[in-house]
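Chain by chain, the residues:
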Amino acid sequence: MPKLKIPDHQVAGHQAKTGILGPLIDDSGKFYKPLQDDGRGSHELAFYTSLYSDPRIPSNILNLFPNFHGTEVVEASDGSGLHPHLVMEDIAGKFTNPAVVDFKIGSRTWHPQSSEDYIRKCLKKDRESSSIKLGFRISGLRSVSPSNECWQPERKFLMDLSAEDVIFMMKKFVSSDGNADKPDCVFGARVYVHVLEELLVLKKWFEVQTIFHFYSCSVLVVYEKDETDEKRTARAVVKLVDFAHVVDAKGAIDHNFLGGLCSLIKFVKDVLAGFGQDEISNPKP
């Protein structure tokens, strides 16, 4: 049985560090997500299985999903004993000092087949967040400065940001120290130029794909803040995560996700517009 530990870089979802059942990681680059027993776990497992066996999914799109390694029964993080886990790629595991942000996409995070109680719960959260007005919300972000100062705003604070505040948070995310009042955006062009490229690839697929509808799904962005020359050349990684609420598209375009994705793309473009053209054309390595 692999030796597991609680991840430091998790910014959203159920977190094992709070003493509840949550994800774990090992030293080989794998992420262990507890299989939820209310149907969501089996639903997410079924999605991963269908995703990697469906010939209609282009390889460049599959690259935007975490690698999936099946399921494994391991000791649960809350001390309750053995529990089945989804095993997937630890997206931040390859980085020395990962900066991570989670964008939950879509103005609606529930699907029509959900229970009334679940819809009511999600609708309340959506109305109290930026999801409805912006088409997405920042679920969490984290970075550590060169002086080892962690910047990780409270989730409640991030829930209902204005458009201006989202831009500000996105700038602080690519700065040397997120705790500083004025972001220096030293990693800005290197991160967001590539993020924009990946989001545009994703947008092109969502404009035509009628296989899945993605509810309560996130775009995860991770980049390296380590200052060594070797690490600074590493590109940002963009991945879709959280698939417990993916449903059959029944031949229809996923306008909810596509609309939120287009909104996020606009915000990335707006952040990039604040940088000089030379920075964008020749981002700092």
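Structure: above.
No experiment lies behind these values; they were computed from the predicted model shown.

Caption draft 1: Up close: unusual backbone geometry. At Asn148, a position not held by glycine, the phi torsion is positive, near 70°. One can find Asn148 in the loop between strand S6 (136-144) and strand S7 (150-151). A relative accessible area of 63% means that Asn148 is categorised as exposed. Positive phi values are uncommon outside glycine, yet Ser216 reaches one of about 55°. When you line up the elements, Ser216 lands in the loop between strand S8 (212-214) and strand S9 (217-224).

Caption draft 2: Up close: the packing of helix H7 (residues 188-206) against helix H9 (residues 255-273). Orientation of H7 relative to H9, taken along the N-to-C sense of each, is 155°, at an axis distance of 10 Å. Of the possible angle classes, the one that applies to H7 and H9 is roughly antiparallel. Regarding H7 and H9, the two cross each other, and that crossing is left-handed. Between H7 and H9, the contacting residues are Ala189, Tyr192, Val193, Val195, Leu196, Leu199, Leu200, Leu202, Lys203 and Phe206 on the first element and Phe257, Leu258, Leu261, Cys262, Leu264, Ile265, Val268, Lys269, Val271 and Leu272 on the second. Here the contact of H7 with H9 is built from residues that sort into 18 nonpolar, no polar and 2 charged.

Caption draft 3: Geometry of the pairing of S9. Across the 8 residues that make up S9, a large majority, 8, are buried. Residues Cys217, Val219, Val221 and Tyr223 line one face of S9 and the alternating positions Ser218, Leu220, Val222 and Glu224 line the opposite face, and both faces are buried.

Caption draft 4: How the structure looks around the sheet that holds strand S1 (residues 24-25). Strand order in the open sheet made by the 4 strands is S1-S2-S4-S3, with antiparallel pairing throughout. Two strands close off the open sheet at either side, each with one partner strand: S1 and strand S3 (68-75). Relative to strand S4 (residues 82-89), S3 runs antiparallel, the two being bridged by 6 bridges. Following the sheet pairing, Thr71 is matched in S4 by Leu86.

Caption draft 5: Inspection of the nonpolar core at higher detail. In this structure, Phe103, Phe173, Tyr192 and Phe214 are the most contacted members of the largest nonpolar core, which totals 63 residues. Top contributing element to this core by residue count: H7, with 10 residues. The contacts of Tyr192, once residues within four sequence positions are left out, are Met170, Phe173, Val174, Val268, Val271 and Leu272. The next biggest cluster of nonpolar side chains, apart from the first, holds 10 residues, and it includes Val11, Ala92, Phe95 and Leu220.

Caption draft 6: Seen up close, the environment of Val195. For Val195, the location among the structural elements is in helix H7. Residue Val195 is classed as buried on the basis of its relative accessible area, which comes to 2%. Between the alpha carbons of Val195 and Val268 there is a distance of 8.1 Å; along the sequence they are 73 residues apart. The residues contacting Val195, other than those within four sequence positions of it, are Val221, Ala236, Val238 and Val268.

Caption draft 7: Representation of the packing of aromatic side chains within the structure. Taken as a whole and judged by the stated rule, the model has 19 aromatic pairs. With a centroid separation of 6.1 Å and an interplanar angle of 45°, the aromatic rings of Phe47 and Phe65 are classed as tilted. Placement of Phe47 in helix H1 (residues 40-51) and of Phe65 in the loop between helix H2 (59-62) and S3 is noted, with a sequence separation of 18 residues between them. Comparing Phe47 with Phe65 shows no difference in burial state: the two are buried. Counting every residue linked through ring pairs, the aromatic cluster contains Phe47, Tyr48, Phe65, Phe68, Trp205, Phe206, Phe212, Phe214, Phe243 and Phe257.

About the criteria used
- Residues numbered from 1 in each chain as written.
- Predicted model: local features only at pLDDT ≥ 70, side-chain atom pairs only at ≥ 80, totals over all residues.
- Heavy atoms only, no water.
- Helix = DSSP H or I, 4+ residues; strand = E, 2+ residues; numbered from the N terminus.
- Buried < 20%, exposed > 50% of the residue type's maximum accessible area, 1.4 Å probe, protein only.
- Axes fitted to C-alpha atoms, helices over the stretch in contact; angles between N-to-C directions.
- Parallel < 35°, antiparallel > 145°, perpendicular 65-115°, else oblique.
- Left-handed = near helix turned anticlockwise from the far one by under 90°.
- Contact = heavy atoms within 4.5 Å.
- Nonpolar A, V, L, I, M, F, W, Y, C, P; charged D, E, K, R; others polar.
- Pairing = 2+ DSSP bridges.
- Core = buried A, V, L, I, M, F, W, Y, C linked by side-chain atoms within 4.5 Å.
- Phe/Tyr/Trp six-rings, centres within 6.5 Å; stacked < 30°, edge-to-face > 60°.

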